[in-house]
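# Notes for the structure review
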Amino acid sequence: MNWLSNFVRPKIRALVQKRDVPDNLWLKCSNCDAMLFQRDLAANMQVCQHCGHHMRLSPTERLELLFDEGKYTEHPLPKVLADPLKFRDQKRYADRMKDAVAKQGRSDALVIGDGTIGGIPTVIAAFDFGFMGGSMGMAVGDGIVAAAQLAVQKKAAFVAVPSSGGARMQEGILSLMQLPRTVIAVEQVKEAGLPYIVVLADPTTGGVTASFAMLGDVHIAERGALIGFAGARVIESTIRETLPEGFQRAEYLMDHGMVDIVVHRKDLRDTLARVLGLLMSGPKFGGGKKVESAFAGPHGATQIVLR
Amino acid sequence: MLNLDFEQSIAELEAKKEELSRVSSSGEINIADEVARIEKKIERLLKDTYAKLTPAQKVQVARHPNRPHAKDYIDALFTDFQPLAGDRHYAEDAAIIGGLARFKGQAVVVMGQERGHDTESRVKHNFGMAKPEGYRKAQRLMALADRFHLPIITLVDTAGAFPGVQAEERGQAEAIAKSIESCLRAAVPIISVVIGEGGSGGAIAIATADRVYMLEHAIYSVISPEGCASILWRSAANAADAAAALRLTAQDLKQLGVIDGIIEEPVGGAHRDPATIQAAVSAMIDAGLQELLSRHPSALKAERRQKFLAMGSKGLS
Ligand SMILES: [Zn+2]
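Residues numbered from 1 in each chain as written. Chains lettered and ligands numbered in written order. Predicted model: local features only at pLDDT ≥ 70, side-chain atom pairs only at ≥ 80, totals over all residues. Heavy atoms only, no water.

## Here we look at the overall build of chain A
In terms of helices and strands, chain A carries 11 helices and 11 strands. Per-residue burial over chain A gives 51% buried out of 307 residues. A separation threshold of at least 6 residues defines the contact pool for chain A, and within that pool the share at least 24 residues apart is 68%. Carbon and sulfur atoms form 55% of the exposed surface of chain A, whose accessible area is close to 14,100 Å². (Helix = DSSP H or I, 4+ residues; strand = E, 2+ residues; numbered from the N terminus. Buried < 20%, exposed > 50% of the residue type's maximum accessible area, 1.4 Å probe, protein only. Contact = heavy atoms within 4.5 Å. Areas by Shrake-Rupley, 256 points an atom, 1.4 Å probe, with all protein chains shown as cover.)

Encoded structure:
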């Protein structure tokens, strides 16, 4: 793993040291309770050395992990109308936003970067679960649209890395409208003949799964990632049954036909590079003319796949 | 190596050779000559036997457990294989394996029925009998190939689509029909190789191709000889009669214009020399692909339709 030891590891380490405070050097694995030295954890791509549990990555860690040499250009999220419903629960949404922006140091729960993966031009949109649970409101939706359009413009592959609890309740129906908006975004990528890959990271749930996250040409999930539509507790209380072992985990999703590949994080970049390389190197046949696809258009692949 | 019932005399010679080989290591010279003599005899016997296999014997050879299976061909002929899984509806069906790969450097989509090689893997792959989700995965892979202009290569080896209550409930027939439709819609070259058994709808679902090749001793039929015998003869004991009547051999199917080429097997069948058959299959796919890649995609689709529409115009001589 040369790319890892040469580039990503030191970069992630630097990043972690930057944000760490001295009394926060140790962390307990949420899966096996082992005490982990944060520096080791960062060097291990935030995977527990004891039990292999994959912890969540920040979107910038994610982009550094995936792009060649950890290098990419970040693109700001489009500006959107703030707090359109003047929403208030126990706290004002405007205040929650202010806190989240201050805590995470970004304008909303998505980071867009462009660079190359295995030499192939790629745009990645990665979620920040730390920003209000990675919830998808107008800014995130617009971010997906912008990232997809950037991919089309650059003739690049588009990779979405969701890590989200779902739609952002505080934006009401406007957050629900991000479902069709993000689907349109990835349709545009597909219509341009470019690959759209989803890397399902922990957790991918709710409205995010019920839109762009389930429409990839290829679905790659990180080991153990929680992926599903309804929350386990909601299901359990509705059907009054205990759920099967491993329910809604990446491996379970693969058995049930929703995921192509489940990978350990250390293999994620190579897997992406291989898949993109294969999809982007179709032959020039029929005299090198662009091939018209029988599956494109209104009776296209999505119809065959989704019935 | 499992010997088939018509290979009794070959088995006896092989046992004798084995015995002698053990003795020869103790230093007697003339034993080496004897071993060579037996080897020659085995070779001649195999050649004679396999040159005139009856249809029923071909059925046995096509189903030989040691015959190379889809995964063996994928491992031998392709590089960068990235398996893809799932139908995005219900399940991953390991009866059909498939994904992205490179064939001689060329990015392609490859898929095929995998029968497994021991109890555990046979159960995992459901003995190569796909359920609706397997055919829906096949449709998905064909659509993917079409979208990214990747040729499709399929390896056919199945007793048939899985017969079961739940498979029916989930639309086994619809899944096969849509899979045939997906083959016909793809504006990319499609090459199918029947490597063992081409079992009816379960086979044609992924074999509606521009070029369909069969291994010399493979079989391809609308129904298994056993199934046919039990319906038309009212006894599975007449399977050999059915095998002959069905005209399921590569040689007959070539004459009928149902397949485009026969890939010669090594002496004694593919299972006796996997490397040789894999090289032959590779060469045939390569030749077919080179030819098809020179065509315009829309011409490919039209010719594919025409080829299947024209079937039935040639009888057996
Ligand atoms: Zn752990």
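## Quick look at the packing of helix α6 (residues 132-147) of chain B against helix α8 (residues 172-185) of chain B
Residue and element names in this part refer to chain B. Interhelical geometry of α6 versus α8 gives an angle of 15° and a closest axis separation of 8 Å. Taken together, the axes of α6 and α8 lie roughly parallel to each other. Once α6 is placed against α8, the crossing between them reads as left-handed. In this structure, α6 uses P132, Y135, R136, A138, Q139, M142 and D146 to contact α8, whose residues at the interface are Q172, E174, A175, I176, K178, S179, S182, C183 and R185. Within the contact of α6 with α8, the residues separate by chemical class into 7 nonpolar, 4 polar and 5 charged. (Axes fitted to C-alpha atoms, helices over the stretch in contact; angles between N-to-C directions. Parallel < 35°, antiparallel > 145°, perpendicular 65-115°, else oblique. Left-handed = near helix turned anticlockwise from the far one by under 90°. Nonpolar A, V, L, I, M, F, W, Y, C, P; charged D, E, K, R; others polar.)

## Describing the packing of aromatic side chains
Considering all chains together, one arrives at 7 aromatic pairs over all chains under this definition. With centroids separated by 6.0 Å and ring planes inclined at 10°, the aromatic side chains of F127 of chain A and F212 of chain A adopt a geometry described as stacked. Taken as a pair, F127 of chain A in strand β5 (residues 120-127) and F212 of chain A in the loop between β8 (204-205) and β9 (218-222) lie far apart in primary sequence, 85 residues in all. An identical accessibility class is assigned to F127 of chain A and F212 of chain A; each is buried. Ring plane angle 50° and centroid distance 5.6 Å describe the contact between F78 of chain B and F103 of chain B, whose orientation is recorded as tilted. Within this pair, whereas F78 of chain B is found in strand β1 (residues 78-83), its partner F103 of chain B is found in strand β2 (residues 96-103), the two being separated by 25 residues in sequence. (Phe/Tyr/Trp six-rings, centres within 6.5 Å; stacked < 30°, edge-to-face > 60°.)

## A word on the coordination of the zinc ion
Residues and elements named next belong to chain A. Surrounding the zinc ion are the protein donor atoms C29 (SG), C32 (SG), C48 (SG) and C51 (SG), at 2.2 to 2.4 Å. On the primary sequence, the residues serving as donors to the zinc ion are separated as C-x2-C-x15-C-x2-C. By relative accessible area, C48 is classed as buried at 2%. (Donors = N, O, S within 2.8 Å, 3.2 Å for Na, K, Ca; no water.)

## Remarks on the interface of chain A and chain B
Each side of the interface is counted separately: chain A has 41 residues, and chain B has 44 residues. Around 3,600 Å² of area is buried between chain A and chain B when both sides are counted, 59% of it from carbon and sulfur atoms. Our enumeration of links across chain A and chain B arrives at 3 salt bridges. The salt bridge partner of R147 of chain B is D217 of chain A, with a shortest N-O separation of 2.6 Å. Remark: the boundary between chain A and chain B carries 15 residue pairs in polar contact (both at pLDDT 80 or more). Elements represented by at least two residues in the side of chain A that touches chain B include exactly β9, α9 (250-255), α10 (268-279) and α11 (301-306) of chain A. (Buried area = accessible area lost by both parts, 1.4 Å probe. Salt bridge = Lys/Arg side-chain N within 4 Å of Asp/Glu carboxyl O. Polar contact = N/O pair within 3.5 Å; in protein donor to acceptor, adjacent residues only side chain to side chain.)

## A closer look at a nonpolar patch on the surface
All names here are of chain A. On the surface, L85, I173, L174, L176 and M177 cluster together into a nonpolar patch covering about 420 Å² of accessible area. Here L174 is to be found in helix α6 (residues 172-176). Take L174: its relative accessible area is 31%, and that puts it in the partly exposed class. (Patch = residues over 30% accessible without salt bridge, like charges linked within 9 Å, V, L, I, M, F, W, Y side chains within 5 Å.)

## Here we look at the confidence of the model for chain B
If pLDDT is low for a region, its predicted coordinates should not be looked at in detail. Here chain B averages 93 in pLDDT, and 98% of its residues register 70 or above. Confidence estimates for the predicted assembly give a pTM of 0.85 and an ipTM of 0.81. (pLDDT = per-residue confidence, 0-100.)

## Comments concerning the nonpolar core
Counting residues in each nonpolar core, the largest one holds 92 residues, and the members touching the most others are V193 and L215 of chain B. In terms of residue count, α10 of chain A provides more of this core than any other element does, 7 residues in total. When sequence neighbours within four positions are dropped, the list of residues in contact with V193 of chain B reads T154, L155, V156, Y213, L215, I263, V281 and I285 of chain B. Within the second largest apolar cluster, 41 residues are counted, among which are V123, A147, L194 and F212 of chain A. (Core = buried A, V, L, I, M, F, W, Y, C linked by side-chain atoms within 4.5 Å.)

## A look at the pairing of strand β4 (residues 152-158) of chain B
Residue and element names in this part refer to chain B. Most of β4 sits out of view: 7 of its 7 residues are buried. Burial along β4 is two-sided: the residues I152, T154, V156 and T158 and I153, L155 and D157 are all buried. Here strand β3 (residues 106-113) pairs with β4 via 4 bridges, running parallel. Bridging from a neighbouring strand, M111 pairs with T154 of β4. (Pairing = 2+ DSSP bridges.)

## A word on the sheet that holds β5 of chain A
Working definition: the strands of a sheet are paired by backbone hydrogen bonds and lie parallel or antiparallel to each other. Residues and elements named next belong to chain A. Spatial strand order, β3-β4-β5-β6-β7-β9-β11: 7 strands in an open sheet with mixed pairing. Strands at the two margins of the open sheet, each flanked by one partner only, are β3 (73-75) and β11 (261-263). If you compare each strand with its neighbour and ignore which way they point, the axes differ by 25° on average. Here 3 bridges tie strand β6 (residues 157-161) to strand β7 (residues 196-200), and the two strands are oriented parallel to one another. Paired with A160 across the two strands is V198, which belongs to β7.

## Notes on the packing of helix α3 (residues 55-62) of chain B against helix α11 (residues 239-246) of chain B
Residue and element names in this part refer to chain B. Across the interface, α3 lies against α11 with an axial gap of 7 Å and an inter-helix angle of 95°. Classified by the angle their axes make, α3 and α11 are roughly perpendicular. Each of P55, A56 and V59 in α3 lies in contact with α11, whose residues at this interface are A240, A243 and A244.

## So, the environment of I152 of chain B
Residues and elements named next belong to chain B. Positionally, I152 belongs in strand β4. Given a relative accessible area of 0%, I152 falls into the buried group. Between the C-alpha atoms of I152 and I206, which are 54 residues apart in sequence, the distance is 9.8 Å.

## Brief notes about the pattern of salt bridges
Within this structure, the stated rule accounts for 39 salt bridges over all chains. Note that E69 of chain A and K71 of chain A form a salt bridge whose closest N and O atoms lie 2.8 Å from each other. Under the relative-accessibility criterion, E69 of chain A is labelled partly exposed at 37%. A salt bridge links D252 of chain B to R247 of chain B; the nearest nitrogen and oxygen atoms lie 3.4 Å apart. Taken together, the salt bridges that share partners define one network made up of R63, R115, D157, E197 and E226 of chain B.

## A closer look at the confidence of the model for chain A
All names here are of chain A. Mean pLDDT over chain A works out to 86, with 84% of the residues at or above the 70 mark. Note that pLDDT drops below 50 for residues 1-22; the model gives that stretch 40 contacts with residues more than four away or on any other chain. Contacts of residues 286-307 to residues separated by more than four positions or lying in other chains number 44 contacts, the stretch itself having pLDDT below 50.

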